[in-house]
Amino acid sequence: MTRTSTCVYHLFVLSWYIFLNFYISREAEDPRKSQIFLNGGQWKYLTFLNLVLQAIFFGVACLEDVLKRTKGKKDIKFVTAFRDLLFTTLAFPISTFVFLSFWILFLYDRELVYPKALDNIFPVWLNHGMHTFILPFSLAEVILRPHCYPLRKKGLTLLAAACLAYVSRVLWIYSETGTWVYPVFAKLSPGGLAAFFSLSYIFTIGIYLFGEKLNHWKWAKRHLA
């Protein structure tokens, strides 16, 4: 794909994520739908946090596209480095985790993560926008652009910090309100919760390493050529 086509693609995906975030923020103002966002607001859900994260990443990618055309690669090394760090440590692992964890739980028992009653509140296309399309966009980014991964220790540390921050928020919301962000948590004992969060983090590490290998597989030969 040419540089111009890649720029257009990034702009398209950025526009899509901006639209999704705007649409959801408007929906949250609906009295009937606002009940879902009680006790923590929409930002208690990893799904919505991920949509903001993806919008930020593709915004940075668009900025890097424009600056590369106007200033050249050497003058925008910081922007390129930030783009790569954001994608490799957060945008790719979290979007892939949201996709896989949501659909695994949904297919097992949707009441644990997305009760059927929500079908009457959120349209089907929005569900797929939040939980399905995020993976193809992330995989396309791997294929379209090489990304420089940080030292593994640094990358996994940043990812661990993000995971710990979210888990801390989930536990804080429960301590303050007595309600869990996701129904699946209410089904688990304290030991089960600890195991669930630990396995989720291990799963996320696996996704990070998969992204690293995928990037190497796609671009290593090109760099050696």
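For clarity, every value in this text was computed on a predicted model and none was experimentally measured.

Comments concerning the side chain of R110
Step number 1: Structurally, R110 is set in the loop between α4 (77-109) and α5 (124-131).
Step number 2: Looking at R110, its side chain comes within polar contact range of the side chain of D119, at 3.0 Å.
Step number 3: Excluding residues within four positions of it along the chain, R110 makes contact with L105, P115, K116 and D119.

Concerning the environment of L159
Step number 1: Among the structural elements, L159 can be located in helix α7 (residues 152-177).
Step number 2: Note: C-alpha distance between L159 and N120 (39 residues apart in sequence) is 35 Å.
Step number 3: Once residues within four sequence positions are removed from consideration, L159 is found in contact with T89, P93, T204 and Y208.

Some words on the pattern of salt bridges
Step number 1: With the rule as written, the count across this model stands at seven salt bridges.
Step number 2: Between E64 and R145 there is a salt bridge, and its shortest N-O distance comes to 3.1 Å. Residue E64 is located in helix α3 (residues 46-70), and its partner R145 is located in the loop between α6 (134-144) and α7; the two are separated by 81 residues in the primary sequence. The same class applies to E64 as to R145, namely buried.
Step number 3: As a salt-bridge pair, D84 and R83 come within 2.7 Å of each other at their nearest N and O atoms.
Step number 4: Among the residues examined, R83 registers a relative accessible area of 3% and is labelled buried.
Step number 5: When salt bridges that share partners are traced, they join E64, D65, K68, R83, D84 and R145 into one network.

Section: the packing of helix α1 (residues 3-27) against α5
Step number 1: Between α1 and α5, the least distance of the axes is 11 Å, while the angle of their chain directions is 125°. When the interaxial angle is binned, α1 and α5 end up oblique. In the packing of α1 onto α5, the handedness of the crossing is left-handed. Each of W16, F19, L20, Y23 and I24 in α1 lies in contact with α5, whose residues at this interface are W125, L126, G129 and M130.
Step number 2: When its residues are assigned to classes, the contact of α1 with α5 shows eight nonpolar, one polar and no charged.

Some words on the UniProt feature "transmembrane region" (unreviewed entry) in the chain
Step number 1: With numbering matched to this structure, UniProt assigns "transmembrane region" (unreviewed entry) to residues 7-25, 45-64, 85-105, 125-144, 156-174 and 194-211.
Step number 2: Overall, residues 45-64 shows 95% helix and 0% strand. The separation of its end C-alpha atoms is 29 Å.
Step number 3: When the span residues 194-211 is considered, its composition is 100% helix and 0% strand, and the gap between its end C-alpha atoms is 26 Å.

Things to note about the layout of surface pockets
Step number 1: The computed volume of the largest pocket comes to approximately 780 Å³.
Step number 2: Of all elements in the fold, only α3, α4, α7, α8 (183-186) and α9 (190-224) reach the threshold of two or more residues within the lining of the largest pocket.
Step number 3: If one sorts the elements of the lining of the largest pocket by residue count, α7 sits on top with nine residues.
Step number 4: Each residue belonging to the lining of the largest pocket can be placed in one class, and the counts come to 26 nonpolar, six polar and one charged.

Thresholds applied
Residues numbered from 1 in each chain as written. Predicted model: local features only at pLDDT ≥ 70, side-chain atom pairs only at ≥ 80, totals over all residues. Heavy atoms only, no water. Helix = DSSP H or I, 4+ residues; strand = E, 2+ residues; numbered from the N terminus. Polar contact = N/O pair within 3.5 Å; in protein donor to acceptor, adjacent residues only side chain to side chain. Contact = heavy atoms within 4.5 Å. Salt bridge = Lys/Arg side-chain N within 4 Å of Asp/Glu carboxyl O. Buried < 20%, exposed > 50% of the residue type's maximum accessible area, 1.4 Å probe, protein only. Axes fitted to C-alpha atoms, helices over the stretch in contact; angles between N-to-C directions. Parallel < 35°, antiparallel > 145°, perpendicular 65-115°, else oblique. Left-handed = near helix turned anticlockwise from the far one by under 90°. Nonpolar A, V, L, I, M, F, W, Y, C, P; charged D, E, K, R; others polar. UniProt positions renumbered as here; feature names shortened; annotations may be inferred. 1 Å grid on protein atoms, 1.4 Å probe; cavity = no way out; pocket = protein on both sides within 12 Å on 5 of 7 lines; lining within 4 Å. Points joined across faces, edges and corners; volume = space filled by probe spheres on them.

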